[in-house]
Protein chains: 2
Amino acid sequence: MNITDTPPTRRHRVVVIGSGFGGLFATKALRRANVDVTVIDRTTHHLFQPLLYQVATGILSEGEIAPSTRIILRKHTNTTVRLGEVTRIDLLGRTVTSTDQGKTTLTGYDSLIVSAGAQQSYFGNDHFAEHAPGMKTIDDALELRGRILGAFESAESTTDPAERERLLTFVVIGAGPTGVEMAGQIAELAHLTLVGAYRNIDTRDSRIILLDAAPSALGPFGPNLGHRATRTLATIGVDVQLGAAVTGVDRHGLTVRHADGTERRINAVCKVWSAGVAASPLARQLAAQTGSTLDRAGRINVNEDYSLPGHRGVFVIGDMATRGGLPGVAQVAIQGGRYVARQIKADVTATEKSSPQPKRPPFIYKDKGSMATISRFHAVAKIGGLQLTGLIAWILWLAVHVAYIVGFRSRLTTLLSWTWTFLGSSRGQLTITQQQVAARNALGRLHRIRHDERVNYEVVTRAG
Amino acid sequence: MNITDTPPTRRHRVVVIGSGFGGLFATKALRRANVDVTVIDRTTHHLFQPLLYQVATGILSEGEIAPSTRIILRKHTNTTVRLGEVTRIDLLGRTVTSTDQGKTTLTGYDSLIVSAGAQQSYFGNDHFAEHAPGMKTIDDALELRGRILGAFESAESTTDPAERERLLTFVVIGAGPTGVEMAGQIAELAHLTLVGAYRNIDTRDSRIILLDAAPSALGPFGPNLGHRATRTLATIGVDVQLGAAVTGVDRHGLTVRHADGTERRINAVCKVWSAGVAASPLARQLAAQTGSTLDRAGRINVNEDYSLPGHRGVFVIGDMATRGGLPGVAQVAIQGGRYVARQIKADVTATEKSSPQPKRPPFIYKDKGSMATISRFHAVAKIGGLQLTGLIAWILWLAVHVAYIVGFRSRLTTLLSWTWTFLGSSRGQLTITQQQVAARNALGRLHRIRHDERVNYEVVTRAG
């Protein structure tokens, strides 16, 4: 075990767990602060999670949405990036334990920002994961790319009509923004990008089914936008089935219980799970040490300033925290990250001046709106009371997403990729590796045993 | 087993094995011919192999150099793309056997173009592969990306100075164009792109060693250009060791026998093998059926028109064939592919007119020159008797490679990626997946048992 040395005259140490939106924006906001920052993440990249579905469907490369965290932060001379999975937070000893390649490191902190995000949740049915991968990491997205494109390949080569039908049926479980966007993009692959590329199948014969247990799609957007989205999805060939709870998933298909109590079987090789999330299990650790409560998605209740009760210097932000019903979206994490960075700076300044710790202003969320693309030129957006649909919402979606992609270069190449995909119909990233091929037909040579640590809460989201 | 049906009034059937340069350009040249073409390949993409090193070093995404074969050929209505690994060619029965996911397909042909390329060769030491991956596929390149960037990550986190040195030593074995380009790009990563990205290491402390058993680098370019390349490599921090044959490779390093007979050990975690190639084992099958001979790289001797002796309708082109000492480069495969397509068209036309089969003009190779980049703004090029170095060779390299990238879109994005990389220093594809991370330190959770089918000839190339 390495123990991080304490330098002779040491500065205030901030440890940030996670390099997602919350962690990255907090770290950036601390750039000129008189503190030493250590960012710990299990990957080497910052992930633009809302665009993962575009990697899975061949629009963007992994590099465009997952730039190197070290490169982003290289000019932050007060910041160190450490690769590792955080296994333990000790609030009493003020240390964070992380492991990488079997090596354990203990990092001491004065302030701690916990922004480890959330994982896919299968509502206690983790065995679904093998057959219906979720979409929370670059590995997930690339595996899904292999499964989706692989299904078309297998359909092309099979001579069994029933197998062909199973292969050309794509089921997305969960009609939140990710599910809607994913279903829409699979439909565009089948009805546009891949048309004419095969000889034995017509990709337009594909069935794309979007399931949700709730009575409308895009729940948080309200029934009106949900209804509009459902209608638009229908026009591009997505069969939206609402009030449909998934009760079983296996290699060849899934079982769905409809609102009227009937159970039906859908034969489908390629299934995508976007039905629920559960906060990082670190939330449970923190709850056990503070007596805080968790909500049904395993998110921890925090104070108005995102700190934990009794721990002024420990903040939990983003998808791991529950605060006044704020949704699990990038903006909440970004604004939360910036806010806690400000509080830490204020505390450090007060200490330097030997002043008492300042009273903190409560965090106020500026709702910049929620949006989801459905197909090219169609999106739905909700900005405060305003509801937008169609082209104008889509243009807004485009502008906002380009703005939040990290780095001018990625912005430009992403815009270029989008120009091609949306104005033309081609996609630049349809390559599947032999490793991804191995995931075809859910043969699962790609290990999917990543769910051992998952918190088995019943979760707040809907389908399943 | 599926047996491809023979349509009632059937057209002349051409089967093309492999969708590399030879197979793809042959297929394209047959677009308007009165033939049915079936392209069989084990991957779904055409691979621009000469740029694999740029995927391995984070400059390009896999999509830019490996576009979908089906999409490229979608408007070729006479062409079917079949995914599968060809296991058997039966010249007597005129059939090709391929397997995909355990399913075997038999495809009959009237003309056959065998362009299955070459694999990495370890000169009979296949156990080297696990510790020194080659670079012939997209999977190889992505694995190497994980190993190279992973070595810097591990060096950052280790506290053992000897381990750090092993991790910051990169060895490229084989100083042909691929080896030179790879060593040059690892050097640019260490001395430019990654500078300042780590806190515990200075990436400029890295050692990059390029080994070759031959007395000069870039053998086929001649000693003059080889010498120039060696000098330029030295200025960007690559230690070129010539007359150095690799006698052993293990997890922690390798053993090298120098021209003076001394053996030396190099401690290095990340090794890249680019020392030799061996033709697809299909060449041996064909040799056994025709009595043709193979050269030391397992390439089959063909007639002047690329056909096999006694088999006017069977052609072997590209890296699988040996003909008048032509090098194993893209241009030979491309021109060979176009040439054999013309011969097939002429034969088909003659048959339609009930004329006798035409006498074939011998293939004449138009040498468009060979070139290799060394670093940004530096390349070496040999065009006929003309030898170019430095910026002018580099501009030529750029123009030629952009011209041969398939598709206007990929051309544009590649050019954009190059602009950023060469004018700036940033790279857009430094993302490593968790799967690639598993390859760090050569832990080899990524399966590297791909060498079971390799032909164990002594091969013509040099190092090792």
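Residues numbered from 1 in each chain as written. Chains lettered and ligands numbered in written order. Predicted model: local features only at pLDDT ≥ 70, side-chain atom pairs only at ≥ 80, totals over all residues. Heavy atoms only, no water.

**A word on the overall build of chain A**
Worth spelling out the cut-off: For helices the rule is a DSSP run of H or I covering at least 4 residues; for strands it is a run of E covering at least 2, with both sets numbered from the N terminus onward. In this treatment the radius of gyration is a C-alpha quantity, and the globule benchmark scales as 2.2 Å times the residue count to the 0.38 power. The rule is simple: take the accessible area with a 1.4 Å probe, protein chains only, and divide by the maximum for that residue type; under 20% is buried, over 50% is exposed, in between is partly exposed. Only heavy atoms matter for contacts: two residues are in contact if any of them lie within 4.5 Å across the pair. The method behind every accessible area is Shrake-Rupley, applied with a 1.4 Å probe, and residues are considered shielded solely by the protein chains displayed. Note on charges: Lys and Arg go in the positive column, Asp and Glu in the negative column, and His and the chain ends are not counted at all. Every charge is mapped to an atom, namely NZ of Lys, CZ of Arg, CG of Asp or CD of Glu.
Of the regular secondary structure elements, chain A holds 13 helices and 24 strands. Relative to its length of 464 residues, chain A is compact, with a C-alpha radius of gyration of 23 Å against a globular reference of 23 Å. Oriented by its inertia axes, the alpha-carbon framework of chain A measures out at about 75 × 45 × 45 Å. When the 464 residues of chain A are sorted by exposure, 61% land in the buried category. In chain A, once contacts between residues fewer than 6 apart in sequence are set aside, the share between residues at least 24 apart is 66%. Summing over all exposed atoms, chain A offers an accessible surface of approximately 17,500 Å²; the carbon and sulfur share of this is 53%. Looking at charge distribution, chain A has the averaged site of its 53 positive side-chain charges lying 7 Å from that of its 38 negative ones.

**Comments concerning unusual backbone geometry**
The backbone of L218 of chain A shows a phi angle near 50°, a positive value even though the residue is not glycine. Structurally, L218 of chain A can be placed in the loop between strand 11 (207–212) and helix 8 (222–235). Take L218 of chain A: its relative accessible area is 0%, and that puts it in the buried class. The backbone phi angle of Q101 of chain B is positive, close to 50°, even though this residue is not glycine.

**Describing the interface of chain B and chain A**
Inclusion rule: The term buried area means the drop in 1.4 Å probe accessible area that two parts suffer when joined, counted for both and summed. A pairing counts as a salt bridge when a side-chain nitrogen of Lys or Arg comes within 4 Å of a carboxyl oxygen of Asp or Glu. Counting of polar contacts relies on pairs of N or O atoms within 3.5 Å, with two restrictions inside protein: one atom must be capable of donating a hydrogen and the other of accepting it, and residues adjacent in sequence are counted only when both atoms are side-chain atoms. All residues other than Ala, Val, Leu, Ile, Met, Phe, Trp, Tyr, Cys, Pro, Asp, Glu, Lys and Arg, Gly among them, are scored as polar; the first ten of these are nonpolar and the last four charged.
In this assembly, 66 residues from chain B lie in contact with 66 residues from chain A. Carbon and sulfur atoms make up 46% of the area that chain B and chain A hide from each other, which totals about 5,200 Å². Summed over the shared surface of chain B and chain A, the number is 4 salt bridges. With its nearest N and O atoms 3.9 Å apart, the salt bridge here joins E62 of chain B to R145 of chain A. One can count 18 residue pairs in polar contact (both at pLDDT 80 or more) joining chain B with chain A. Of the residues belonging to the side of chain B that touches chain A, the class tally is 22 nonpolar, 29 polar and 15 charged.

**A closer look at the domain arrangement of chain A**
Residue and element names in this part refer to chain A. Where we set the bar: Where each domain starts and ends comes from a domain assignment, either automatic or drawn from a database.
Domain boundaries in chain A define domain 1 (2–42 + 84–120 + 278–352) and domain 2 (126–275 + 371–436). For domain 1 versus domain 2, the distance between C-alpha centres works out to 33 Å. The partner domain 2 presents 8 residues to the 7 residues of domain 1 that form the contact. Between domain 1 and domain 2 the total buried area reaches about 580 Å² when both faces are included, carbon and sulfur atoms providing 59% of it. Here domain 1 is connected to domain 2 by 0 salt bridges. Where domain 1 packs against domain 2, one counts 1 residue pair in polar contact (both at pLDDT 80 or more).

**Topic: the sheet that holds strand 12 (residues 238–242) of chain A**
Residues and elements named next belong to chain A. Heads up, the rule is: Two strands make a pair as long as DSSP finds a minimum of two bridges between them. The convention used is that axes are lines fitted to C-alpha atoms, helices contributing only their stretch in contact, and that angles between N-to-C directions extend from 0 to 180 degrees.
In space, the 4 strands of this open sheet follow the order 12-11-10-16, with parallel pairing throughout. What marks the edges here is a single partner per strand, and that holds for strand 12 and strand 16 (270–273). Pairwise comparison of adjacent strand axes, ignoring direction, gives a mean angle of 20° for this sheet. Pairing of strand 10 (residues 169–173) with strand 16 involves 4 bridges; the strand directions are parallel. Paired with V172 across the strands is V272, a residue of strand 16. Across the sheet, helix 5 (residues 138–157) is in contact with strand 10 and strand 16; its angle to strand 16 comes to roughly 155°. Helix 8 contacts strand 11 and strand 12 of the sheet and is inclined by roughly 145° relative to strand 12.

**Looking at the relation of the copies chain B and chain A**
Using the following cut-off: Copy-to-copy alignment: least squares on C-alpha atoms, limited to residues at pLDDT 70 or above in both.
Between the two copies, chain B and chain A, the superposition gives an RMSD of 0.0 Å; the rotation angle is 180° and the shift along the axis is 0.0 Å. The relationship between the two copies is best expressed as a two-fold rotation axis. Residues of chain B ranked by C-alpha distance from the rotation axis are headed by S61 of chain B, positioned 3.2 Å from it. The fraction of interface residues of chain B whose copies in chain A are also interface residues reaches 100%, indicating that both copies meet through the same surface.

**Section: the packing of helix 5 of chain A against helix 7 (residues 177–193) of chain A**
All names here are of chain A. Put simply, the test is: The sense of a crossing depends on the near helix, which, turned anticlockwise from the far helix by less than a right angle, makes the crossing left-handed and, turned clockwise, makes it right-handed.
Put simply, helix 5 and helix 7 touch, their axes get as near as 12 Å, and they point 35° apart. Helix-helix and strand crossings are classified by hand; for helix 5 and helix 7 the assignment is right-handed. Contacts from L144, I148 and F152 in helix 5 reach M182, I186, L189 and A190 in helix 7.

**Here we look at the confidence of the model for chain A**
Stated precisely, the cut-off is as follows: Each residue carries a pLDDT value, the predictor's own confidence for that position, ranging from 0 to 100.
Per-residue confidence for chain A gives a mean pLDDT of 88, with 91% of residues at or over 70. Between residues 440–464 of chain A, whose pLDDT stays under 50, and residues either more than four places distant or in other chains, the model counts 97 contacts.

**A short note on the UniProt feature "transmembrane region" (unreviewed entry) in chain A**
Note the cut-off: UniProt positions are given in the numbering used here, feature names are shortened, and annotations may be inferred rather than shown by experiment.
UniProt feature "transmembrane region" (unreviewed entry): in the numbering of this structure it lies at residues 385–406 of chain A. Strand forms 18% of residues 385–406 of chain A and helix 68%; the C-alpha atoms that close the span are 29 Å apart.

**A closer look at the packing of aromatic side chains**
The relation between two aromatic rings is expressed through the spacing of the ring centres and the mutual angle of the planes. Residues and elements named next belong to chain A. To keep things clear, this is the line we draw: In summary, the pairing rule links any two rings of Phe, Tyr or Trp, Trp by its six-membered ring, whose centres are within 6.5 Å, and it sorts them by plane angle into stacked for under 30 degrees, edge-to-face for over 60 and tilted for everything else. Only when the NZ atom of a Lys or the CZ atom of an Arg is both within 6 Å of the ring centre and within 35 degrees of the ring normal do we say a charge sits over the ring.
Counted according to the given criterion, the structure contains 26 aromatic pairs over all chains. Relative to W397, the ring of W394 lies with its centre 6.4 Å away and its plane at 25°, an arrangement referred to as stacked. Of the two residues, W394 and W397 are both situated in helix 11 (residues 390–404); the distance of 3 residues between them amounts to about one turn of the helix. By way of ring pairs, the aromatic residues Y122, F123, F128 and W273 are connected into one cluster. Sitting above the plane of the Y306 ring, R323 keeps its charged end 5.2 Å from the centroid.

**Re the pairing of strand 20 (residues 311–316) of chain A**
Residues and elements named next belong to chain A. Bridge analysis of strand 8 (residues 111–114) against strand 20 gives 3 bridges, and the strand direction is parallel. Counterpart to I113 in the pairing with strand 20 is F315. When strand 19 (residues 307–308) meets strand 20, the two strands line up antiparallel, connected through 2 bridges. If you follow L308 over to strand 20, its bridge partner there is H311.

**A closer look at the sheet that holds strand 13 (residues 244–250) of chain A**
All names here are of chain A. Read across the open sheet, the 3 strands follow the order 13-14-15; overall the sheet is antiparallel. A single partner strand is all that each edge strand has here, and the edge strands are strand 13 and strand 15 (263–267). Shown here is a sheet whose adjacent strand axes are inclined to one another by a mean of 25°, direction ignored. Two strands pair when backbone bridges link them, and strand 14 (residues 253–258) and strand 15 are joined in this way by 5 bridges, in the antiparallel orientation. The partner of V256 across the bridge, within strand 15, is R264.

**Let's talk about the pattern of salt bridges**
Tallying each qualifying case throughout the model produces 30 salt bridges over all chains. Of the charged contacts, one joins R10 of chain A and D110 of chain A as a salt bridge, the two residues approaching to 2.8 Å between their closest N and O atoms. Taken together, the residues R10 of chain A in the loop between strand 1 (2–3) and strand 2 (12–17) and D110 of chain A in the loop between strand 7 (103–108) and strand 8 connect sequence positions 100 residues apart. With relative accessibility at 15%, the residue D110 of chain A sits in the buried group. Residue R312 of chain B is joined to D347 of chain B by a salt bridge in which the shortest nitrogen-to-oxygen separation is 2.9 Å.

**Observations regarding a nonpolar patch on the surface**
Heads up, the condition is: Grouping into patches uses exposed residues only, defined as over 30% relative accessible area, and leaves out salt-bridged ones; the cut-off is 9 Å for like charges and 5 Å for nonpolar side chains (Val, Leu, Ile, Met, Phe, Trp, Tyr).
On the surface, F377, L391, I395 and L423 of chain A cluster together into a nonpolar patch covering about 390 Å² of accessible area. Take F377 of chain A: it is sitting in the loop between strand 22 (370–375) and strand 23 (378–383).

**Overview of the environment of T44 of chain B**
Relative to the helices and strands, T44 of chain B is located in the loop between strand 3 (35–41) and helix 2 (52–56). A C-alpha to C-alpha distance of 8.7 Å links T44 of chain B and R82 of chain B, two positions 38 residues apart in sequence. Setting aside residues no more than four positions away along its own chain, T44 of chain B makes contact with E153 and I432 of chain A together with P67, S68, T69 and L83 of chain B.

**Points about the pairing of strand 4 (residues 79–83) of chain A**
Residues and elements named next belong to chain A. Within strand 4, 4 of the 5 residues are buried, which leaves it mostly tucked inside the rest of the structure. Pairing between strand 3 (residues 35–41) and strand 4: 5 bridges, direction parallel. Its bridge partner being in strand 4, T38 is matched across the sheet by T80.

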